[in-house]
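# Observations on the three-dimensional arrangement
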Amino acid sequence: MPEQKPENAQPVPEKDTQIFDLNAEDVKQAMAVCGKIIQDGGTVVFPTETVYGLGANALSTDAVAQIYAAKGRPGDNPLIVHIYDTAQLKDLVAEVPDKAKKLADAYWPGPLTMIMKRSDKIPDSVTAGLDTVGIRFPSHPMAHAFLEASDRPVAAPSANISGRPSPTKGQHVLEDMLGKVDAILIADESDVGLESTVIDMTTEPPTVYRPGGITVEDIKAVIGEVAVSPGAVKPVELKEVRSPGMKYRHYAPKGKMVIARGSLDEMADKINEGIRKLHPDQKGAILATDETLDRYHKGIILSLGSRKDPSEMSHKLFDCLRAFDDLGATDIFAEDIPVTNDTLALINRLYKAAGYTFI
Ligand code: TXA
Ligand code: MG
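Here is what the cut-offs are and how they apply
- Residues numbered from 1 in each chain as written.
- Chains lettered and ligands numbered in written order.
- Predicted model: local features only at pLDDT ≥ 70, side-chain atom pairs only at ≥ 80, totals over all residues.
- Heavy atoms only, no water.
- Helix = DSSP H or I, 4+ residues; strand = E, 2+ residues; numbered from the N terminus.
- Rg over C-alpha atoms; globule rule 2.2 N^0.38 Å.
- Buried < 20%, exposed > 50% of the residue type's maximum accessible area, 1.4 Å probe, protein only.
- Contact = heavy atoms within 4.5 Å.
- Areas by Shrake-Rupley, 256 points an atom, 1.4 Å probe, with all protein chains shown as cover.
- Lys, Arg positive; Asp, Glu negative; His and termini not counted.
- Charge placed at Lys NZ, Arg CZ, Asp CG, Glu CD.
- Pairing = 2+ DSSP bridges.
- Axes fitted to C-alpha atoms, helices over the stretch in contact; angles between N-to-C directions.
- Domains from an automatic or database assignment.
- Buried area = accessible area lost by both parts, 1.4 Å probe.
- Salt bridge = Lys/Arg side-chain N within 4 Å of Asp/Glu carboxyl O.
- Polar contact = N/O pair within 3.5 Å; in protein donor to acceptor, adjacent residues only side chain to side chain.
- Nonpolar A, V, L, I, M, F, W, Y, C, P; charged D, E, K, R; others polar.
- Parallel < 35°, antiparallel > 145°, perpendicular 65-115°, else oblique.
- Left-handed = near helix turned anticlockwise from the far one by under 90°.
- pLDDT = per-residue confidence, 0-100.
- Phe/Tyr/Trp six-rings, centres within 6.5 Å; stacked < 30°, edge-to-face > 60°.
- Lys NZ or Arg CZ within 6 Å of the ring centre and 35° of its normal.

It is worth spelling out the overall build of the protein at this point. In terms of regular secondary structure, the protein is built from eleven helices and 15 strands. Computed over the C-alpha atoms, the radius of gyration of the protein is 20 Å, within 12% of the 21 Å expected from 2.2 N^0.38 for a compact globule of 359 residues. Based on the C-alpha atoms only, the size of the protein along its principal axes is roughly 55 × 50 × 40 Å. Among the 359 residues that make up the protein, the fraction classed as buried is 56%. Sequence-distant contacts in the protein: of pairs separated by 6 or more residues, those separated by 24 or more amount to 68%. When the accessible area of the protein is evaluated, it comes to approximately 15,100 Å², of which 51% is carbon and sulfur surface. Distance between charge centroids for the protein: 4 Å, based on 40 positive and 52 negative side chains.

Time to look at the sheet that holds strand 13 (residues 284-288). Judged by pairing direction, the sheet is parallel, and its four strands sit side by side in the order 12-15-13-14 without closing on themselves. Here the strands that pair on one side only, and so sit at the sheet edges, are strand 12 (256-260) and strand 14 (300-303). Pairs of neighbouring strands in the sheet enclose a mean axial angle of 20°, with direction left out of account. Where strand 13 and strand 14 come together, four bridges link them in parallel fashion.

So, about the domain arrangement of the protein. Assigned domains of the protein: these are domain 1 (18-232) and domain 2 (256-353). For domain 1 and domain 2, the distance between their C-alpha centres works out to 29 Å. On the side of domain 2, 16 residues touch domain 1, which itself brings 27 residues to the contact. Here domain 1 meets domain 2 over a buried area of about 1,700 Å², counting both sides, of which 51% is carbon and sulfur. Its largest share of buried area at the contact with domain 2, domain 1 owes to Pro-165, Leu-194 and Pro-211, together 32% of the area lost on that side. The interface formed by domain 1 and domain 2 contains five salt bridges. Arg-322 is the partner of Asp-176 in a salt bridge, and the nearest nitrogen-oxygen pair spans 2.8 Å. The interface formed by domain 1 and domain 2 includes 16 residue pairs in polar contact (both at pLDDT 80 or more). Elements with a minimum of two residues in the side of domain 1 that touches domain 2: helix 7 (170-177) and helix 8 (216-223). Here the element with the most residues in the side of domain 1 that touches domain 2 is helix 7; it accounts for three residues. For the side of domain 1 that touches domain 2, the residue count by class is eight nonpolar, ten polar and nine charged.

What follows deals with the packing of helix 4 (residues 98-107) against helix 8. At their nearest, the axes of helix 4 and helix 8 sit 9 Å apart, and the two run at 120° to each other. With respect to helix 8, the element helix 4 is oriented oblique. Here the hand of the crossing between helix 4 and helix 8 comes out right-handed. Where helix 4 abuts helix 8, its residues Lys-99, Lys-102, Leu-103, Ala-106 and Tyr-107 lie against Asp-218, Ile-219, Val-222 and Ile-223. Among the residues forming the contact of helix 4 with helix 8, the class breakdown is six nonpolar, no polar and three charged.

Geometry of a packed helix pair, given as the angle between the helix axes and the separation of the axes. Axis separation between helix 10 (residues 310-326) and helix 11 (residues 344-353) bottoms out at 10 Å; the angle between their running directions is 20°. Of the possible angle classes, the one that applies to helix 10 and helix 11 is roughly parallel. Our pair here, helix 10 against helix 11, has a crossing hand that is left-handed. Where helix 10 approaches helix 11, its residues Met-313, Ser-314, Leu-317, Phe-318 and Leu-321 are matched on the opposing element by Leu-346, Arg-349, Leu-350 and Ala-353. Here the residues of the contact of helix 10 with helix 11 sort into seven nonpolar, one polar and one charged.

Right, let's talk about the confidence of the model for the protein for a bit. Where the model shows low pLDDT, its predicted coordinates should not be examined in detail. Residues with a pLDDT of 70 or more make up 92% of the protein, whose mean pLDDT is 93. Between residues 1-8, whose pLDDT stays under 50, and residues either more than four places distant or in other chains, the model counts 16 contacts.

Right, let's get into the packing of aromatic side chains. Overall, the coordinates contain three aromatic pairs when judged by the stated rule. Taken together, a centroid distance of 4.9 Å and an interplanar angle of 85° make the contact between Tyr-351 and Phe-358 edge-to-face. Given a relative accessible area of 3%, Tyr-351 falls into the buried group. Judged by its relative accessible area of 28%, Phe-358 falls in the partly exposed class. Arg-261 extends its terminal NZ or CZ atom over the ring of Phe-358, reaching a point 3.8 Å from the ring centre.

A separate point is the side chain of Glu-335. Looking at the secondary structure, you find Glu-335 in strand 15 (residues 331-335). The class of Glu-335 is buried, set by a relative accessible area of 3%. At 2.7 Å, the side chain of Glu-335 and the side chain of Tyr-296 are in polar contact. A distance of 3.0 Å separates polar atoms of two side chains, one belonging to Glu-335 and the other to Arg-307.

Here we come to the side chain of Asn-57. The topology assignment puts Asn-57 in strand 3 (residues 53-57). Separated by 2.9 Å, the side chain of Asn-57 and the backbone nitrogen of Leu-59 make a polar contact.

Right, here's the structure in full:
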C-alpha cells in the first residue's frame, strides 16, 4: 500500500484551543461546548480508560481530515470509531457477527476494538479505503458523556503526534495537541495506559492485531479459538501486515532504545556495561523495575513498577518513555519482561518502542 499523507497535513493551522479541566470545571457545560464543536466539524481531545483520543465526527470527511492533519498521521492508517450505545452499530457496520455480539456483551464498554464489515455511511478517510471499520465503546464516564453530547459516532486515534508515545496524562496531550485542536478535555491519568485490544471479527477464527487491556485469554473464554497476529511480539514483513498501524514505528521515545535480554543478572550487566561505554555527550537512561532498581547507579533511572504487577507496568510505560524525552535521554536501555497473557500488550509496545532491537 503506498504511503501517502493527506494534502492538508502540512502546515497545521494554529487553533485557539479551549482547555477544560474536568476535575475543576462544570462537566455539563464542558460537554455541551465540546459536543457542539464535534457537530460543527471540529476536533476535541477526550479522556478514555486506555489513552486520550483525538476525536472528530466520523461521518464527515472534512472533520476527519483535521485529525490526520493535527497528528501528522499517514492517510493509509485507518481510525477507530467510538460509540456510547450499541444501538449506533446499525448505522456503522454491515453486520454484527454472532461472536462480536458475544464479545460486546462481555467486554463493552471497555478497552476492546472490534473490526467488522463497514456500512456505506463511513467515509473512506476513516477506514483508509478498507471495507472494514474498527468500533470501540469506551468505558470512561467522561468519554461516555462526551460521546453522548456529540450525538455522532466519533473517529479517534490516540491523541499523540504520529510516532510519539500515546498520551496517558493531560500534560502529554498539552505537549502534543495545544494549538492543533479546537478543545481538550482533561481528566485523570488513563487507567489502562495502553491502547485497546484490536480484534478482526471478519476472519475465522477472529484475529487479534493489537494486544491490549482485554487479553487473548479473556477473549478465548467467551468465543473459543482466536488467532494472534505474529506482529504482536516480533517485527512483521510488510507483506504480512493486515492492520495498517502495525507497519509504523510506534510509541517511540526520541532517544535510541534497546532491550536487554537474559536473567536479571545478565540484563543488569549488559545495561551497566552499555551505560559505561557511552560518550560524555550521550545521556544514558535505564528502564528498570522495582525488583532491579538497586542494580543501577549511573544515568537516568526509572522504574516501570513491579514485575509482579503487569497492570502497573502497562499503566506507566508511556509516561516513562515521555519522561526520557523530557530529561534528554539519548540512549535508553530497557529490561526485558517475560511474555505471558497479561504482559503481551506491554511487551508489544515495549518492543515497538525499541524498534525490536535487543542486546
Ligand atoms: O485505545 C484505543 O484504541 C485508542 C483510544 C483513543 O480509543 N485509540 C487508538 O487509535 O489507539 P489508533 O488510531 O492510535 O490505533 C488504531 C489501530 C491502528 O493500529 C489501526 O491500523 C488499527 O487500529 N485499525 C483501525 N481500523 C482498522 C481496520 N479497519 N482494519 C485493520 N486495522 C485497523
Ligand atoms: Mg495511536
